Every structure is written in C-alpha cells, then in structure tokens.
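# Close look at the chain arrangement
The primary structure of each chain is shown beneath.
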Amino acid sequence: MNSQLLIGYNAKNTLLHHLSGSTKLIGFVALSIIGMVTYDTRFLIGIFAFSLVLFKISKITFSEVALVLKVIIAFAALNLIMVYVFAPGYGMSIYGTQHMILGKSENYFNLSWEELFYIFNLFLKYTFAVPLALIFLITTNPSEFAASLSKVGISYKISYAVEIALRYIPNVQRDFRTISLAQQARGYEISQKAKLWPRIIGNAQIILPLIFTSLERIEVISQAMELRRFGCGKKRTWYMEKPFGKNDYLALTIVSLIVLTGIALFGLNGGRFWNPFTR
Amino acid sequence: MSNKGNNSIKVVVATGIGAAIIFVLMKFVAIPTGIPNTQLNVAEGFLPLLGAIYGPIAAGLAIFIGHTLNDFVTYGSPWWTWVITDGLVGVAFGLAKNKLDIQSGVLGKGKLIWFNIYQIIVNFVAWVLLAPTGDIIIYHEPAKKVFLQGITTWIINSLSVAIIGTILLVLYAKTRTKRGSLKKER
C-alpha cells in the first residue's frame, strides 16, 4: 500500500551504479552545499542541467519517482507562496533596484522583477538537488552506503548506526502497520475521517506498543553484537566496500571543478548574489 | 571494562533503531497543522525517552539520521539548518538523563515539571532562535516567514513533548523496578 511512497535501491547496469558509494556521497554533499550557499542564477541553472543529465544517464524511470516528485513540487510551491506573502518587497531590498510589474513600491503587496527573480532563484535552490538525491538513493546499495560513510572518515560506530537504521526501517514499518491494523480492529479510528482528538488518542495507542517493542529489540541486538565482539578493534572492514576506479577519480575531479567554479563566482560577483539589475 | 563496552554498543544500536523509529513516526504518523512543513510531531515526543535512557549521543544522532533520511525521501534533499537544530535538541534532551534518572523507577511530579520547563526552553532556543537564524544566514529567506515557521514549530514541538513525551517517560519509569523497593524481612 505504502510501498510506492518509499524509493529505494534498484540495481541496474549504468555508469552511476558502478561508481563507488563514497564518490557519490562526496559528490552529492559537495554539490548540495555549494548550491545551498550560492545565489548565482547562472551557476544554479548549470548544476540543475548537470543533475538532469546525470538523471538521464542513470536510467531511472519517471514512474519510480513520480509520487515523490509531486510531494516535492507541492512543498516547493507552498514555500514560495509563503516567501512572497510574507515579504513581497524582499527581492528589491536584496538587489537594491526597483523594476515594477504591478503596484507601487509604497504598497505592501506589489510585484517587481527583482522579487520574481529572487523567487526563481529560490525555486532553483529547492529543486536542483532533487535529481541528485534521487540518483544517490536509487543507485546506491544501502549496505554499501555504510561502508562509504566509514571510508570518508566518519567513525565506524556512527556508520554502523546508520546501517542499522536503514536495515531496520522496513521492520519498524511492518511492526507499525501490524499494530495499527490490530488497534483499528479494536475500534480506534486514525484515518482523516476521525476528529483531531480521537485521532491523537488512536495514534498514541499505536506508538506505545511500537516504542516498547523496539526498546526490547535494542537490547536483543546489542547483546548479539556484544557476543560477536563488536567495537573491540579501532577499525572495521566492510564486505560491501568498493575500491576506487578510474571513473571515481574522474567523477571527483568534475565535482571539484564545479565547486571551484562556484567559489570563484563568489569573488567575481562580490558576494553570494548575482545581480543582473545593476549592469 | 566489559560494562563500558556494552554501553557503547547499546548507544550504537539505540542510535540506529531510534533513527528507524523516528523515520517511521515522521513519515507515517503526522497530523498536519496547515502551515507548510509543520506537523504535530510524534517523533519529537519520542526523543525525551530515547535521551533519558541512552543519553545525548544516541538521541542527538538518532534524530539527526532519522530527520535526514526522512527529508531525503520526502523532499529530495535535507533542509540542513533544521536537521542540525533537531540534532541539538536531541543532545539537549539527552543531557537530562542524569537529572531524570529514569532507571531508578522514581519519576515524581517535581522531575516532570522541571523537565517540561527545560524542554520548553530548549525548544525555544532551537526553533525560535537557532533554526530561523540559520535559514536567514544560509538560505537567505525572508525573516518574517522563517520566524513564523520557527514559532509555530516551537509551540507544536513543545506541545508534542509535553503530551507524548511525558506520557512515554512516565510509562517507561513504571516498567523499571523502583530503587529501594525491596524490604528486609523481619
């Protein structure tokens, strides 16, 4: 029922699937950070186009991600509307000029090219990383993901915690659904038809058993891990680790070139914003 | 020594399982409030219990991982300022571990009132001060919008913790054997 709501690893034979998980992790984090900081429209459009090309290469079908895309678009639209409603003149104060489309700058509600441009930039910032994130989720094997976390220098205990989380999400989800059905059979209504208060009570009746069974599970798993001497050595080897190949070095070079371009643009623009209005 | 080792393994496992629970709670148990990306947050109510049993590292990392994973599959990319703030809230709740001393099985009214005042302050610092400031500095969003989101989140998260968090703490404390409950027979 909810299976389409979650996207996950799907093995295929493409260039991106063969890259090491560490490469994809470094690439994604580096690109999303530079895209988060910059407000240079040309640069954002550039990364957006780049991530769409990668999306094409990864052979992910549209139906795999359709539902997630809808949620993302709805989220971005709501946020952009809020940004406009709460500060319609914000674009003008950032870019320092006034090119009005509708209304006067004295009124609260007005529409200027600066505001539209600012919102367009925000839209690019909300969406440019989405294809990259989807590629990362769909082309990286979760078991390899922990190995790549540990490879980029994160303590193996934390990597292992992430691995446990990924491994047990389906179990917790199944428990949740079982408990939910059992409680609904006993008469607790939790769907949207119910009023707010019964819904809260109904949800609480699911959460309590879910949490208490999970706490027991923590005991069992940590005992099992202790029996296998987890945490004795300073390092740990990973069965799923992929060694770096030629393509990995190539990919990392491309990513660092993009990031350097982004940093160079800060200097060129004299700040985070690219301002087309004052030239 | 073996005791210490066992505790650190428990923290690793509690982080992982905690993150999985938080992910599932965020994804499937959400009661919308009408303001974008703001929901009655059951996951936030689970956090004090996780912190009270396993401490700041487990609670902070668990919410950090759970929130990141949830943002990944829901919005495509994590909203880093809020994810980090959530992690800090987890750490703050975990710091209450010794004060609450939930393993002793005694959780009186005084402790609960103290904890609720503490959590309201923690949530205030996190959602009204830190998260919006981060949004303004890093994402350059209009101040009014992010402060409205921040204040709404503060109220909602404090309520979630006050209701769900307190219930969970009390119920868990009841399952522990009370310290000093054994009496010498005469």
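How each quantity is defined
- Residues numbered from 1 in each chain as written.
- Chains lettered and ligands numbered in written order.
- Predicted model: local features only at pLDDT ≥ 70, side-chain atom pairs only at ≥ 80, totals over all residues.
- Helix = DSSP H or I, 4+ residues; strand = E, 2+ residues; numbered from the N terminus.
- Rg over C-alpha atoms; globule rule 2.2 N^0.38 Å.
- Buried ≥ 20, exposed ≤ 12 C-beta atoms within 10 Å, placed from the backbone.
- Contact = placed C-beta atoms within 7 Å.
- Core = buried A, V, L, I, M, F, W, Y, C linked by C-beta atoms within 7 Å.
- Domains from an automatic or database assignment.
- UniProt positions renumbered as here; feature names shortened; annotations may be inferred.

### As for the overall build of chain B
Within chain B, the regular secondary structure consists of six helices and two strands. Mapped from its N terminus to its C terminus, chain B presents α and β elements in the order α-β-β-α-α-α-α-α. Taking 186 residues into account, the globule formula puts the C-alpha radius of gyration at 16 Å, and chain B, at 18 Å, falls close to it. C-alpha atoms of chain B, sized along the principal axes, occupy 70 × 35 × 30 Å. Expressed as a percentage of the 186 residues in chain B, the buried residues total 52%. When contacts within chain B are restricted to residue pairs at least 6 apart in sequence, long-range pairs at least 24 apart make up 75% of them.

### What about the nonpolar core?
If you look at soluble globular proteins, the nonpolar side chains tend to sit buried side by side. The biggest cluster of nonpolar side chains holds 100 residues, and the ones touching the most others in it are Ala165(A), Ala20(B), Ile22(B), Phe46(B) and Leu50(B). Each of domain 1 (1-141 + 243-279) and domain 2 (142-239) of chain A gives at least three residues to this core. Ignoring anything within four residues of it in the chain, the contact list for Ala165(A) reads Gly16(B), Ala19(B), Ala20(B), Phe23(B), Ile65(B) and Leu69(B). Core analysis: the second largest hydrophobic core is formed by eleven residues, Tyr90(A), Ile94(A), Phe117(A) and Tyr118(A) among them.

### Structural notes on the environment of Thr85(B)
Residue and element names in this part refer to chain B. Among the secondary structure elements, Thr-85 is positioned in helix α3 (residues 80-95). Along the sequence, Thr-85 and Pro-142 sit 57 residues apart, while their C-alpha atoms lie 19 Å from each other. Here Thr-85 is in contact with Ala-126, Trp-127, Leu-130, Ala-131 and Gly-134, once residues within four sequence places are set aside.

### Side note on the UniProt feature "transmembrane region" (unreviewed entry) in chain A
Residues and elements named next belong to chain A. Taking the UniProt record as the reference, the feature "transmembrane region" (unreviewed entry) is found at residues 25-55, 67-87, 116-138 and 249-268. Between the end C-alpha atoms of residues 67-87 the distance is 31 Å, and the span holds 95% helix and 0% strand. The span residues 249-268 carries 100% helix and 0% strand; its end-to-end C-alpha distance comes to 28 Å.

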